[in-house]
Amino acid sequence: MPQSSGAENSGGSPPPPESLFGRPELVCVTRPGAGVRITATGATADAGVAVGALDAVAAESDVLITPLFGVDRRAARASADGGADGPAGPDGTVAAGGPAGDDAARWTLDTMARFHHVDAPADRLEELAERLRSSDAVEAAYVKPGVDLAVQRTERRTVPAQAAKTAKKAVKKAVRKPGGTAAHRTGADGAEGPGALNAMVPDTADAPPVTPDFTARQGYLDAAPGGIDARYAWTLPGGRGAGVRVIDCEWGWRFTHEDLLRNQGGIVSGTGSTDTGFVNHGTAVLGEIGGDVNAFGVTGISPDAVTSASAFSIPTATAIRNAADRLGPGDIILLEIHRPGPRATGAGQQGFIAVEWWPDDYLAIRYAVDRGITVVEAAGNGAENLDDPVYDTPQPGFPAWWRNPFRRTALDAGAVVVGAGAPPPGTHGADHGPDRSRLDFSNFGACVDAQGWGREVTTTGYGDLQGGTGQDLWYTDRFSGTSSASPIVVGALAATQGVLRANGRIPLSPARSRQLLRATGSPQQDAPGRPATQRIGNRPNLRQLIPAALQTATWVGVQFRGTLAGGRTGRWFTHSWPAHWHVVWTVVPTSPRPGAPQVRWKVRVERASDGFATYWIDVTNLVTDPVDFEARFAVLGW
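None of these values were measured; they are calculated from a predicted model.

Caption draft 1: Inspection of the overall build of the chain at higher detail. The number of helices and strands found in the chain is 12 helices and 23 strands. Here the chain holds 638 residues, and the buried ones make up 58% of them. Long-range contacts, defined as pairs at least 24 residues apart, comprise 78% of the intrachain contacts of the chain with a sequence gap of at least 6. Working note: accessible area of the chain is about 23,600 Å², and carbon and sulfur atoms make up 55% of it.

Caption draft 2: How the structure looks around the sheet that holds strand β18 (residues 555–564). Spatially, β18-β23-β20 is the arrangement adopted by the three strands of the open sheet, whose pairing is antiparallel. Of all strands in the sheet, those bounded by a partner on one side alone are β18 and β20 (582–589). Neighbouring strand axes in the sheet, compared pairwise and without regard to direction, differ in orientation by 20° on average. The pairing of β18 with strand β23 (residues 627–637) spans nine bridges and is antiparallel. In the strand pairing of β23, Val558 is matched with Arg632.

Caption draft 3: Looking closely at the nonpolar core. Formed by 57 residues in total, the largest nonpolar core has its most connected members in Phe69, Phe115, Ile333, Leu335, Trp357, Val375 and Phe406. Elements with a minimum of two residues in this core: β1 (25–30), α3 (103–112), β6 (138–144), β7 (245–250), α8 (316–324), β10 (332–335) and α9 (359–370). With seven residues, the top contributor of residues to this core is α9. Those residues within four positions of Ile333 in sequence are excluded, and the remaining contacts are Ile247, Cys249, Ile320, Ala323, Ala324, Leu327, Ala368, Ile373, Thr374, Val375 and Val376.

Caption draft 4: Representation of the pattern of salt bridges. One pass over the full model with this rule turns up 34 salt bridges. The closest approach of N and O atoms between Arg131 and Glu60, which form a salt bridge, is 2.7 Å. Here Arg131 is found in helix α4 (residues 125–133), whereas its partner Glu60 is found in the loop between α1 (53–59) and β4 (64–67), with 71 residues between them in sequence. Of the residues examined, Arg131 reaches a relative accessible area of 26% and is grouped as partly exposed. Residue Arg321 is joined to Asp325 by a salt bridge in which the shortest nitrogen-to-oxygen separation is 3.1 Å.

Caption draft 5: Structural context of the packing of helix α7 (residues 276–290) against helix α10 (residues 482–502). Running from N to C, α7 and α10 cross one another at 30°; their axes reach a closest spacing of 8 Å. With respect to their mutual orientation, α7 and α10 come out roughly parallel. α7 and α10 meet at a crossing whose hand is right-handed. Across from His281, Val285, Glu288 and Ile289 in α7, the residues of α10 making contact are Ser483, Ser484, Pro487, Ile488 and Val490.

Caption draft 6: A look at the sheet that holds strand β8 (residues 264–269). The strand order across the open sheet built from seven strands is β8-β9-β7-β10-β13-β14-β15, with neighbouring strands paired in parallel fashion. Sheet topology places β8 and β15 (450–453) at the edges, where each strand pairs with a single neighbour. In this sheet, adjacent strand axes meet at a mean angle of 25° when their direction is disregarded. Sheet analysis places strand β14 (residues 416–421) next to β15, joined by four bridges and oriented parallel. By the bridge assignment for β15, Gly419 is matched with Gln451.

Caption draft 7: Looking closely at the packing of aromatic side chains. Per the counting criterion, the structure on display carries 27 aromatic pairs. On the numbers, 5.2 Å between centres and 80° between planes, the contact of Trp357 with Trp358 is edge-to-face. Neither Trp357 nor Trp358 differs from the other in exposure class; each is buried. Aromatic pair Trp581 and Trp638: ring centres 5.9 Å apart, planes at 20°, arrangement stacked. With Trp581 in the loop between β19 (569–578) and β20 and Trp638 in the segment after β23, this residue pair connects regions lying 57 residues apart in the sequence. Like Trp581, the residue Trp638 is buried in the burial classification. Taken together through their ring pairs, the aromatic side chains of Tyr142, Trp357, Trp358, Tyr391, Phe398, Trp402 and Phe406 make up a single cluster. Here the basic side chain of Arg339 rests over the ring of Trp358, its NZ or CZ set 5.0 Å away from the ring centre.

Caption draft 8: Quick peek at the side chain of Thr620. Turning to its location among the elements, Thr620 is positioned in strand β22 (residues 612–621). In this structure the side chain of Thr620 is engaged in a polar contact, spanning 2.9 Å, whose partner is the side chain of Thr569.

Caption draft 9: View of the packing of α8 against α9. Two elements in contact, α8 and α9, have axes separated by 8 Å at closest approach and are oriented at 5°. Here α9 runs roughly parallel to α8, going by the angle between their axes. Seen from α8, the contacting residues are Thr316, Ala317, Ile320, Arg321 and Ala324; seen from α9, they are Asp360, Asp361, Ala364, Ile365, Tyr367 and Ala368. For the contact of α8 with α9, a count of residues per class yields seven nonpolar, one polar and three charged.

Caption draft 10: Up close: helix α12 (residues 542–550). By the burial criterion, the buried members of α12 are Leu542, Leu545, Ile546, Ala548 and Ala549. Taken around the axis of α12, the buried residues stretch over an arc of 160°, which confines them to a single face. Close packing links the buried residues of α12 with α6 (230–233), α10 and α11 (510–519). Sitting at the amino-terminal end of α12 is Asn541, which places a side-chain oxygen 3.0 Å from the backbone nitrogen of Arg543.

Reading the values: the criteria
Residues numbered from 1 in each chain as written. Predicted model: local features only at pLDDT ≥ 70, side-chain atom pairs only at ≥ 80, totals over all residues. Heavy atoms only, no water. Helix = DSSP H or I, 4+ residues; strand = E, 2+ residues; numbered from the N terminus. Buried < 20%, exposed > 50% of the residue type's maximum accessible area, 1.4 Å probe, protein only. Contact = heavy atoms within 4.5 Å. Areas by Shrake-Rupley, 256 points an atom, 1.4 Å probe, with all protein chains shown as cover. Pairing = 2+ DSSP bridges. Axes fitted to C-alpha atoms, helices over the stretch in contact; angles between N-to-C directions. Core = buried A, V, L, I, M, F, W, Y, C linked by side-chain atoms within 4.5 Å. Salt bridge = Lys/Arg side-chain N within 4 Å of Asp/Glu carboxyl O. Parallel < 35°, antiparallel > 145°, perpendicular 65-115°, else oblique. Left-handed = near helix turned anticlockwise from the far one by under 90°. Phe/Tyr/Trp six-rings, centres within 6.5 Å; stacked < 30°, edge-to-face > 60°. Lys NZ or Arg CZ within 6 Å of the ring centre and 35° of its normal. Polar contact = N/O pair within 3.5 Å; in protein donor to acceptor, adjacent residues only side chain to side chain. Nonpolar A, V, L, I, M, F, W, Y, C, P; charged D, E, K, R; others polar. Arc of directions from axis to C-beta.

Set out below in structure tokens:
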């Protein structure tokens, strides 16, 4: 279908297609409880809160401040409040504790409602951020550097002033990190070396009348350890991703490609770029995941999944939120972006990191994860150690609640983070190091969950494998980066979710997806100067992943015992139960008293996190005598 099909913006008229591609973004966060209201002519707040600079900035003719996540965030919060079952305990409560079940999700919605996008000339963003931070009505204001793809850049990029100061101090350390080779070095002018990512040039020869079958060149489809064994998944009901929806978030796509005509949902948010580099990149991603099943070209890992797109012609966090609003539990969002972090030098993509480090993108990802959507996020091509303490320091203007999400302690975005590993030596006649070893450009660290092929990926787009004048016939042998690695993980998860759906099982939660990707798969290998301790995780193996997801068990037991005086009610809670377990609770008296029922009970469930549930059990003694009881559980499987 045409690229414009289904395109939309979060509100008002769509911006020009290239309006936010690669541009820095200014984000303003209003103070909680201040009652801030912003219009095109200024800003007001509750009595006692001085809006000051916020009012002045909002009134400027070349500045427009709008809710980053849309006005519906507050409505969603009100809906969540109205549907909550209050936790007020009756008289006689003997045990209580723990947070309210949906507090974390409500905090996310409340906080999102205070985030605003400041549209202004790019050369004014730093100055405006500093002015906004001086307002009592503003909690935070910061400039995000523009996002980018893994493409060859011959110009030197501009990084925000605060990032540049850090980079000058870190540049010597950055270029001396272990793991760099001549295959991906950047020169002083910012030009990539001979191993530049995704700098393919289309073949000028005309394409043949019928495109050949290139699936034999898709080694990532093959059996483990070299591939992910997609061909095994295809033998199972649902193993091609049936019933799963995927939205790719980046810039451009070619939905009219001859090998992308089935199960494609088009652009569902934003306006797609017409830039050939952006379009090639998105088209290559789509081919890995959903290339059509036919006798020519390539075949995607999960071709029965419906793949759509959300374009970054609007702010990145808005595009992610919009994607999440179109999906549900078991579906997948892919983030094909990274941006310059605090150690970025401006030369090539050195120092680029995963986008969850920025507060608004973190919230957008967390919002999706709270809805049961698995977010697969490229770790980035900055050759960075994401465990480095530099990432514990917030960028100037970040909100006070921000903590380094790469640590996954105080804050955890919940995404599956993907690094880039080497394909088997000899793939397409190339040798990028030992199979499954970290490629020199790939970011690494404890938060990286899994890896995919970061070189030699055969898919749609670019035209170096098959070119000609018609871009709908273009194919490549050399799609690369964490950009090529992440769709492989998406395809593996979509195939697994499809099998679960076909078997009538609940889909994997985001936390369960992470857990199984880490527990299964072909392990990372050492390379000279790039040991496996520089973690990029395992390569998925669907012959292991799918059985692990289908595995189930049943058992019973007694969780706790208690005593209640006559006519009293007590409340107990038991926590850290895996949320994907089906658990049934029964309360049984252990002190005999024939003649009438002795107890009744009510079970309430708190989804304490993506991965775990807490059960709150109210027990009422229906007789006048004290009663002893035990709370029994039965795990029915998952």
